[in-house]
Amino acid sequence: MNKILSFLQSLKLTVWLLSLSMVLVFAGTLAQVDKGIWTVMDQYFRTYLALIDLPVFFPRTWNVPHFLIPFPGGFLLGWLLTANLLAVHAHTFKVLAGGWRRTAGLAVFALGVLVVVGVMLGWGTAPVAATEDDAFWRVFLRLGRGAAAAAVLYAACVLLYRQRAGMVLLHGGILFLLIGEFFTALFAVEATMTIKEGETVNFLDRSQELELAFTETSRPDYDTVTVIPQPRLKDGDVVSDANLPFDVKIHRFMANSTQPRPLENVPAVMKAGYPQYESYGSRLYIGETREVSGATGQRNAPAVDVELLDPETGTPLGRYILSLWMYPNFVNRSWDMPTAISFGGKNYEAYLRFRREYAKAPGGSPFSIQLLDFVHEKYEGTQMPKDFASKILLVNEGDGVERELRIWMNNPLRYARRTFYQSGYLPDDSGTILQVVRNDTWMIPYLSCMIVFVGMGAQFIQSFGRYLRRNA
Amino acid sequence: MKRMLILLPAGLLLASCGRGRVETYRVPKSKPSAEAQRAAPAETAAPAPAAGFTAALPAGWREVPPSSAMREASYTIEGTGIDFYLISLSMGDVQSNVNRWRGQVGLSAASLEEIEQDMQVFTAGGRECRYFEIYNEENGRGIIAAIIERAPNYWYFTGKGTVDELKAHAGEMQAFLQSIQFNGGGDE
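Here the structure is a predicted model, which means the values were calculated and not measured.

S.K.: How would you explain the overall build of chain B if you had to name every residue and give the values?
M.R.: Broken down by element type, chain B carries five helices and 10 strands. Expressed as a percentage of the 188 residues in chain B, the buried residues total 23%. Considering only contacts within chain B whose residues lie at least 6 apart along the sequence, 45% involve residues at least 24 apart.

Here it is as C-alpha cells:
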C-alpha cells in the first residue's frame, strides 16, 4: 500500500504523465488530417485506452501499414494526474488546525462548497437570460461570482492550513479544473436548432449522435416515431422491435457518404456492385467515401445501407440507402428527401438524422422557439456580414414563459440549462441556425480560474510580506 | 473515501451506458414540407407547364413557385442546391451576358472568340439555343446558362450551384432544354 502511495506521490509520475499527454495531444492533432474532429476526440481523448493510428506520424504518401498502437487515453491520463495531485496534496498539505479551529474550518469549507454549487447552478440568476448588456461586464460578473466562492474557500484554507492556505487553494483550483473537464467531456451536449422565419421548432438536433428514424404517418392526428440509435447500427446486425412491422438488417454503416447524384451519370466501374436499392437509391448514387479531415472544417455525412425483412419469415422486403444528405437540417433546408416506405397498410418516412431531443425545461414542461425575424446586415457594397441576429419567441406554456428575445453574435440566450448561440443562417437569409450547448459545468473554468488566482495572490502577498519583514 | 474515488470512474462509465435502446414515441403532425414532397413525387417525369412552354422534367426535378417577379419559372433538383430558373429579357448580347455570369462565379471576362469556342449550339423547340457551362474550379461555383431567342425577347435559362452538382446534372439540363415545346405566341 505504501509503495502504491509513494508511486502516486512521485514527481516522476507527474513528468511521465505530462509527457504522455503531450504525445497523445500531438498524435491526436495529426490524426485530424485524416479523421473528423469528433472521431479523434472519441478515439484519442474521451477514452481510457486510445488506439493511435501509426500512419499519422508519417507523410501520407508513404505507404505505412495501418497498425493501431495502444496508448493511455485522455481519461486515463486525466484520472492518473488527478490521483497524483490528490496523493501529493494529502502527503504535503496536512491539516494544521485542531479543536475549534478545525471544526470552524470544515464548516467554512462546507459553506464554500455550497457557494461553488450555487454559482455553478446559477442560483439567484434569472431563469431566462438573453443578455442585452456588454459582453465584458458579463464575463466580469461571472469572475466576480467565482471570486466570492474562492474567498470563502480561502477562509476555510486559512483556518485549516494556516500559512499554507494559498498553496492548498491553488492546487485545489487545478484539481477542480481537471475534474470539471472530465464531467464536461462526459455530459456536455452540443446540438443545433434550425428554424425558418415564421416556423416554430420544439426539438434540437444532437449533432454528434445519429439515429435511424421511422415515422409512421398513417394516422391523421399524430405520427408515431420509432428510432434506432447509432450504437445499434452495426454492420451485419438485425434490429427487431415490437413497434416496427419489419426487422431492419444493417448491411453497412458508412462514416461518410458522397452527395447524391444521378446514377446514370456515374461511371460503370463505380456502379459495379452498387446494390439494387428502392426509393432514392434506385436512381441516385450515394457511395461510401473517406472521412473528411478535422482540419478542414467540413462535415461528414454518414449513411446506412439497410434491408427490411419480414419478421416472421425473414423474407427481404426492400433495400434502402439512407444518408444524412437527405435530412433537411443537414443541408440547411436546401432540400428534404424522406424515404417513403409502405408496409402492412401503413406509411412510413425514414431518415438517417441527427439524434432528436425534444426541448424540455428542467421541470419537464416542453418549450418551443418561433423565429419571428432574421436580420443579416452586410457592410454596404460588400458581402461581409456586419451583424446577424434572430428575433425569437420563446414559449413554455407549462412554466408560463412567453418572451420575445433577441439572440445575436456573442450574445446568447440562456434558458433551461442550455445556451443558445447565433451560429449560422439558411440560404437567402430565410432562417436561422442556433447552436445549443448544454453544459452544466460551464462555470467551472471561471470558478477554477478565480480559485487559482486567489490562491496565488494570497501566496504572493504572504511571501512578499515575509520578505518585507525580513528586510525591515 | 479513497475507495469511493477509485470507484468514481467506473460509476460514471456505468452512468453513461444505457444508450442503444430502440425507442418509440408519438409526436403531433408537423411535416408540411415532406407531405408536399409526397404530393409531387419526383420519380415521374412530367411536362413542365410553365409560362409559354412545356418540357419533359427529368427525374428528381420539381417545378416550384418562382421566388421573384422576374422569374417566369423555377425548378429544384433533388439532392442538390441547384437553382434553375427562366427569365425573359429584351437584351441578348452574348458576350456581355456570358461575362456577367463569369463575374458572378469569380472568373475574369473572356473575349468573344473564347466564349464562342466553349459555346454549344442545339435546337430547343425549333429555335437556336446557345448553351454555356461556366465553372470556377477554384471556388467550386458554377453557372449553366442557355439563351433562346424568342423575338422580341430573349429567354435565359440559368442554373446556379456548385461545380460538382452542375457537372453531375448538366446532361439533364441539356435534355430539358432540347425537350422544350413552345405553346405559340411570341413570333410564332
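S.K.: Describe the packing of helix H7 (residues 165–187) of chain A against helix H9 (residues 444–470) of chain A, listing the residues and the values that go with them.
M.R.: All names here are of chain A. Their axes nearest at 7 Å, the elements H7 and H9 cross at an angle of 165 degrees. On the basis of their axis angle, the class for H7 and H9 is roughly antiparallel. Where H7 crosses over H9, the handedness of that crossing is left-handed. Taking contact as the criterion, the partners of Ala165, Gly166, Met167, Leu169, Leu170, Gly172, Gly173, Ile174, Phe176, Leu177 and Gly180 in H7 are, on H9, Ile444, Pro445, Leu447, Ser448, Ile451, Val452, Val454, Gly455, Met456, Ala458, Gln459 and Gln462. Considering only residue class, the contact of H7 with H9 consists of 15 nonpolar, eight polar and no charged.

S.K.: Break down the pairing of strand E18 (residues 401–408) of chain A for me, with residues and values.
M.R.: Looking at chain direction, strand E17 (residues 385–396) of chain A and E18 of chain A are connected through eight bridges and run antiparallel. Among the inter-strand pairings, Ile392 of chain A is bridged to a residue of E18 of chain A, identified as Leu405 of chain A.

S.K.: Break down the environment of Phe453 of chain A for me, citing the residues and quoting the values.
M.R.: Secondary-structure assignment places Phe453 of chain A in helix H9. In the structure, Phe453 of chain A is positioned 283 residues away from Leu170 of chain A in sequence and 7.3 Å away in space, judged by C-alpha atoms.

S.K.: Got a sec to walk through the sheet that holds E18 of chain A? Specific residues and values, please.
M.R.: Strands sit in the order E5-E16-E17-E18 (chain A) across an open sheet of four strands; the sheet is antiparallel. What marks the edges here is a single partner per strand, and that holds for strand E5 (200–201) and E18 of chain A.

S.K.: Tell me about unusual backbone geometry, and please be specific about residues and values.
M.R.: Residue and element names in this part refer to chain A. The backbone of Ala416 sits at a positive phi, close to 55 degrees, despite the residue not being glycine. Looking at the secondary structure, you find Ala416 in the loop between strand E19 (413–415) and strand E20 (418–425). Ala416 sits in the buried class, given 22 other C-beta atoms within 10 Å. Positive phi, close to 60 degrees, is recorded for Arg417, a residue that is not glycine. Take Arg417: it is sitting in the loop between E19 and E20. Of the residues examined, Arg417 has 14 C-beta atoms within 10 Å and is grouped as partly exposed.

S.K.: Report on the interface of chain B and chain A, specifying residues and quantitative values.
M.R.: Contacts between the two partners involve 27 residues from chain B, matched on the other side by 31 residues from chain A. Elements that contribute at least two residues to the side of chain B that touches chain A include exactly helix H1 (2–16), strand E1 (23–28), helix H2 (32–39) and helix H5 (163–178) of chain B. Of the residues that constitute the side of chain B that touches chain A, the class distribution is nine nonpolar, 11 polar and seven charged. Pairing of strand E7 (residues 222–229) of chain A with E1 of chain B, which is carried by six bridges, proceeds in the antiparallel orientation. Residue pairing for E1 of chain B: Val225 of chain A is matched across the bridge by Tyr25 of chain B.

S.K.: Hey, could you go over the sheet that holds strand E13 (residues 316–323) of chain A for me, with residue numbers and the actual values?
M.R.: An order of E8-E9-E12-E13 (chain A) is seen for the four strands of this open sheet, with the pairing classed as antiparallel. The open sheet has two edge strands, strand E8 (238–239) and E13 of chain A, and neither has a second partner.

S.K.: Quick one: what's the story with the nonpolar core, residue by residue and with numbers?
M.R.: Taken as a class, soluble globular proteins show a tendency for nonpolar side chains to be buried jointly. Counting residues in hydrophobic clusters, the biggest one holds 38 residues, and the most contacted among them are Leu212, Ala303, Val304, Leu322, Ala350 and Leu352 of chain A. Looking at this core, the elements that each hand over two or more residues are strand E6 (203–216), E7, strand E9 (247–254), strand E11 (284–285), strand E12 (303–309), E13 and strand E15 (346–358) of chain A. If near-sequence neighbours (up to four positions away) are discounted, Ala350 of chain A is found in contact with Ala213, Phe214, Tyr320, Leu322, Pro338, Thr339 and Ile341 of chain A. One finds Tyr75, Leu86, Ala124 and Met173 of chain B within the second-largest nonpolar core, a separate group that totals 27 residues.

Quick notes on the rules
- Residues numbered from 1 in each chain as written.
- Chains lettered and ligands numbered in written order.
- Predicted model: local features only at pLDDT ≥ 70, side-chain atom pairs only at ≥ 80, totals over all residues.
- Helix = DSSP H or I, 4+ residues; strand = E, 2+ residues; numbered from the N terminus.
- Buried ≥ 20, exposed ≤ 12 C-beta atoms within 10 Å, placed from the backbone.
- Contact = placed C-beta atoms within 7 Å.
- Axes fitted to C-alpha atoms, helices over the stretch in contact; angles between N-to-C directions.
- Parallel < 35°, antiparallel > 145°, perpendicular 65-115°, else oblique.
- Left-handed = near helix turned anticlockwise from the far one by under 90°.
- Nonpolar A, V, L, I, M, F, W, Y, C, P; charged D, E, K, R; others polar.
- Pairing = 2+ DSSP bridges.
- Core = buried A, V, L, I, M, F, W, Y, C linked by C-beta atoms within 7 Å.

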